[in-house]
Amino acid sequence: MPNSDGIFEFKGVCGAILGCLCGYFSQGVRMILKDKGVFDINRIPATIPVRNNLIEEIVNKIRLSEVYRLFISGVTGNGKTSSVKRALEILGNEIIPVYINCSETNSYTSISKHILEIVRDKPFSEKGKNRDELADELKRMLLTKRTKKLVFVFDEVDKLIEKKDNHVDIFSPLLNYGKVSFILISNDPNIFGKMQGMLRSRMQLEVKMLSAYQPGDILEILKQKAEEGMIEGSYDIETLATISKFSSDIWGDIRVAIKLLEKTAVITEMLGKDKISEEIIKEAIKELQMSEIDKVFPTLPRHLRWVVVALCLESRKNNGFAVTYPNAYETYGLLAQKERFGKVGDRQYRTYLDDLEMLRLFDFQWKPAVNRRGRVRIAIPKFDFESFLVGISAE
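Overview of the structure. (Residues numbered from 1 in each chain as written. Predicted model: local features only at pLDDT ≥ 70, side-chain atom pairs only at ≥ 80, totals over all residues. Heavy atoms only, no water.)

1. Section: helix H14 (residues 324-335)
Thr324, Ala328, Tyr329, Thr331, Tyr332 and Gly333 are the residues of H14 that are buried. Along its buried surface, H14 packs onto helix H13 (302-317), strand S6 (322-323), helix H15 (346-358), strand S7 (362-368) and strand S8 (375-381). (Buried < 20%, exposed > 50% of the residue type's maximum accessible area, 1.4 Å probe, protein only. Helix = DSSP H or I, 4+ residues; strand = E, 2+ residues; numbered from the N terminus. Contact = heavy atoms within 4.5 Å.)

See the structure below:
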């Protein structure tokens, strides 16, 4: 056990080291980021530029309506979820909000358990209970008199609706018992049409299609992030405009734009600079694109990699987008023809597309078909596909 002299000696050494470090930082590198938490994509700011009118409308309609039912759709990263969450925060104690992310929670049992625990504000054990017993629990809970309104949010609801029977069993009691408001969120504007017919007609949902963020919209959001999270003078409006324009043209996803701004600030700090420059933005873009595709691509199954290449080749033909079927599927078939068992079937191919959407490597949309009736599903790369193709051809 050290004696008191040893302890004092140790403290003295620590003090000297800390003094040197403080002197180094006070004389040396200027920090750019003052609050990294601002750049957390899960953080909901007090005000959300561009979407404030939507938030106010949701708040007012929940307050003034006995029951409010809304379906919000649009491309990924355009403020759907953050706007709804902010509206729920504003409503506060006026409501009992139940948020369900259907990509994580989409079985009948897990959703029922989550709803019961949130509304009753206590643990619920689903063990040993069958569907009928869970349904009775939900019915009792919904029929319980309360002063606060129940508001259920089903985010990425397409993951629930695609399971067919589950969504009927979950939504039916919400419609049959009590007075419940709910909001459905999905990137797929057509998912509502895949609902069971009678259930869909009873819902009477208000539908809102949110457009993708434009460069000016992204600029407003990045200005807010920079003011709250970065040192004054470390950026200028031209810098933010450059990042906004690039992010809008390539991704259209505000989450990627925020990530790019943060990465640009981090690189600026690492280089010992006190202000972001265009050269640093280019380096940050390069690193960000590498993290999105170059790191993920080698980890994918072999046939999924061929699908990525096929989508990129078709995007080259169409100046930025690929028709997923039949065009890209046929190109994938040519690439995979030397594989032992050839190409995979339609169903597995569509599963691969879903995987790429979850990985956020591509944005998927529907558009009118050319020279024929109907619509086609297109894939838009969220990375520099030309550089990617050049890179893999050189390997």
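2. Description of the sheet that holds S7
Strand order in the open sheet formed by three strands is S6-S8-S7, with antiparallel pairing between adjacent strands. Pairing within the sheet leaves two strands with one partner each, and these edge strands are S6 and S7. Examined bridge by bridge, S6 and S8 share two bridges and lie antiparallel to one another. Pairing of Ala322 across the sheet is with Ala379, part of S8. (Pairing = 2+ DSSP bridges.)

3. Topic: the sheet that holds strand S3 (residues 149-155)
With parallel pairing, the five strands of this open sheet are ordered in space as S2-S3-S4-S1-S5. Taken across any chain shown, the strands that pair with only one partner, and hence form the sheet edges, are strand S2 (95-101) and strand S5 (206-209). This sheet shows a mean twist of 15° between the axes of neighbouring strands, independent of strand direction. Pairing of S2 with S3 involves seven bridges; the strand directions are parallel. What sits directly across from Val98, in S3, is Phe152. (Axes fitted to C-alpha atoms, helices over the stretch in contact; angles between N-to-C directions.)

4. Quick notes on H13
A turn of α-helix holds 3.6 residues, and therefore any two residues three or four places apart point the same way. With 16 residues, H13 should reach 22 Å at 1.5 Å per residue; the first-to-last C-alpha distance of 23 Å fits that figure. Of the residues making up H13, those classed as buried are His303, Leu304, Val307, Val308, Val309, Ala310, Leu311, Cys312, Glu314 and Ser315. Phi turns positive, to about 60°, at Asn319, one or two residues after H13. (Expected span 1.5 Å × (residues − 1).)

5. Quick look at the layout of surface pockets
The gaps of empty space that remain are located by a probe, the size of a water molecule, rolled over the atoms. In this model, the second largest pocket occupies a volume close to 290 Å³. Along the wall of the second largest pocket there are 18 residues; nearest its centre are Ser248, Asp249, Ile250, Trp251 and Ile380. For the lining of the second largest pocket, the secondary structure elements donating two or more residues are helix H10 (237-250), S7 and S8. For the lining of the second largest pocket, the leading source of residues is H10, giving three residues. The residue inventory of the lining of the second largest pocket, partitioned by class, reads nine nonpolar, five polar and four charged. (1 Å grid on protein atoms, 1.4 Å probe; cavity = no way out; pocket = protein on both sides within 12 Å on 5 of 7 lines; lining within 4 Å. Points joined across faces, edges and corners; volume = space filled by probe spheres on them. Nonpolar A, V, L, I, M, F, W, Y, C, P; charged D, E, K, R; others polar.)

6. Some thoughts on empty space enclosed by the protein
Scanning all chains against the criterion turns up one cavity of 30 Å³ or more. Of the voids in this model, the largest cavity is the one considered here, and its volume is about 30 Å³. The wall of the largest cavity is formed by Ile115, Leu138, Met141, Leu142, Ile170, Pro173 and Leu174.

Just distances and angles here, no functional claims.
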